[in-house]
Amino acid sequence: MKRARIIYNPTSGREAFKRFLADVLMKFEAAGYETSCHCTTCEGDATEAAKLAAEREYDLVVAAGGDGTVSEVINGLSGFEKRPQVGIIPVGTTNDFARAIAVPRDDILAAADAIIEGKAHAIDVGKVNGTYFINIAGGGRLTELTYEVPSKLKTMMGQLAYYLKGIEMLPSIRPSEVVIEYDGNRFEGEVMLFLVSLTNSVGGFEKLAPDSSLNDGLFDLIILKKANLAEFIRVASAAMRGEHMNDDLIIYTKANKIKVTSNEKMQLNLDGEYGGDLPAEFENLYRHIEIIMPKEKSDELENQTEEHEDIAH
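Residues numbered from 1 in each chain as written. Predicted model: local features only at pLDDT ≥ 70, side-chain atom pairs only at ≥ 80, totals over all residues. Heavy atoms only, no water.

## Structural notes on the packing of helix α2 (residues 17-30) against helix α6 (residues 108-117)
So, step 1. Contact geometry of α2 with α6 gives a least axis separation of 10 Å together with a crossing angle of 30 degrees. Classified by the angle between their axes, α2 and α6 sit roughly parallel to one another. Read as a crossing pair, α2 and α6 show a hand that is right-handed. Side by side, α2 and α6 meet where F17, F20, D23, V24, K27 and F28 of the first sit next to I108, L109, A112, D113, I115 and I116 of the second.
So, step 2. Its residues assigned to classes, the contact of α2 with α6 shows nine nonpolar, no polar and three charged. (Axes fitted to C-alpha atoms, helices over the stretch in contact; angles between N-to-C directions. Helix = DSSP H or I, 4+ residues; strand = E, 2+ residues; numbered from the N terminus. Parallel < 35°, antiparallel > 145°, perpendicular 65-115°, else oblique. Left-handed = near helix turned anticlockwise from the far one by under 90°. Contact = heavy atoms within 4.5 Å. Nonpolar A, V, L, I, M, F, W, Y, C, P; charged D, E, K, R; others polar.)

## What to know about the nonpolar core
So, step 1. Counting 48 residues, the largest nonpolar core has F17, F28, I74, I89 and I291 as the members making the most contacts within it.
So, step 2. Not counting residues within four places of it along the chain, the set of residues in contact with I89 comprises F17, V24, V62, A63, A64, G65, I108, A111, A112 and I115. (Core = buried A, V, L, I, M, F, W, Y, C linked by side-chain atoms within 4.5 Å. Buried < 20%, exposed > 50% of the residue type's maximum accessible area, 1.4 Å probe, protein only.)

## Quick word on helix α10 (residues 229-241)
So, step 1. Taking 1.5 Å per residue, 13 residues should reach 18 Å; α10 reaches 19 Å between its end C-alpha atoms and fits that length.
So, step 2. Residues of α10 that are buried sit in contact with β9 (185-197), β10 (219-225) and β11 (250-255).
So, step 3. Looking at where α10 begins, the residue whose side-chain oxygen comes 3.2 Å from the main-chain nitrogen of A230 is N228.
So, step 4. Within two residues after α10, G242 carries a phi angle of roughly 75 degrees, on the positive side. (Expected span 1.5 Å × (residues − 1). Polar contact = N/O pair within 3.5 Å; in protein donor to acceptor, adjacent residues only side chain to side chain.)

## Digging into unusual backbone geometry
So, step 1. Omega for the peptide link from L278 to P279 comes to 10 degrees, which places this bond in the cis form.
So, step 2. As for its position among the elements, P279 is in the loop between β14 (273-277) and β15 (280-293).
So, step 3. Positive phi outside glycine occurs at N129, with the angle close to 50 degrees.
So, step 4. Turning to its location among the elements, N129 is positioned in the loop between β5 (119-128) and β6 (131-133).
So, step 5. Its relative accessible area of 46% is what places N129 among the partly exposed residues.
So, step 6. In this structure, R287 is a non-glycine residue whose phi angle is positive, near 45 degrees.
So, step 7. When you line up the elements, R287 lands in strand β15.

## Quick notes on the pairing of β15
So, step 1. The pairing of β5 with β15 spans nine bridges and is antiparallel. Opposite A122, over in β15, you have E290 as the bridge partner.
So, step 2. Note that strand β12 (residues 257-261) and β15 share four bridges and pair antiparallel. Paired with K259 across the bridge in β15 is E281. (Pairing = 2+ DSSP bridges.)

## Examining the packing of aromatic side chains
So, step 1. A full pass over the atoms with the stated rule returns five aromatic pairs.
So, step 2. Ring plane angle 90 degrees and centroid distance 6.2 Å describe the contact between F133 and F282, whose orientation is recorded as edge-to-face. Pair noted here: F133 is in strand β6 and F282 is in strand β15, with a separation of 149 residues, a long-range link. Residue F133 shares its accessibility class with F282, and that shared class is buried.
So, step 3. Feature note: the residues F133, F194, F219 and F282 constitute an aromatic cluster, connected by ring pairs. (Phe/Tyr/Trp six-rings, centres within 6.5 Å; stacked < 30°, edge-to-face > 60°.)

Remember that the coordinates give geometry; whether it matters functionally is a separate question.
Here's what the structure looks like:
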């Protein structure tokens, strides 16, 4: 019998998962998994629980929580040579990664079914300064809002908490001088922010990296150059519609390895959490971990992969 370990954050998504835990356990048991669970108690606990699951050779680890819980689980598993498959039950505020792989975000039991009935695909994982990420890394004042919003406010207000924090931060946003080297290219200048993405879903924006692929071995690098407040708002509005790519203030490219340095202090955001400070060297780990996704997304990824391989040949 296959074994599954559910690692869940009891405070995510207005504490919704706890109400459905028994039903979720029953679903996985009925699907042939000997299933147990771990309730996280503090920051980093999901990482340690995932490491233990890998050491005990579980077949499946289910991350039930927000993007932070998913990222911690990926960090716990990625260092092992033999890694369990991963399923996602999104119960966080933004759920960027779940959005990227088309997992139901408003129905916990439907998300469980999507894991049970879905198909596993090996996807890329990012690594920077010894830490792993699965969705997005970035730097710049605005990228800090995701971990500056208090967890209690996120629980009460959901996505609105981020918007309110963003409005509060806008007047204080300043450009930073950086050097960004990527696959033999170099950018040097002032930026409002930079993003190193593995998926098309960033901060709830589903069109920010429109050419992103989950398993092509490449990051999507987005650089927003120095802008005044009016220009910044213009680009942000265009990004919501996916119309920002041709803006003169945007650099958008793909790269396997990226190095970012600065003479200024700049914090890194990794999957919505504080990830240390610059300098940073990003490496794309090609098809490093198997994620279970719904059948429609699985079929889409398979078609996309075939197209990339045809172009490569």
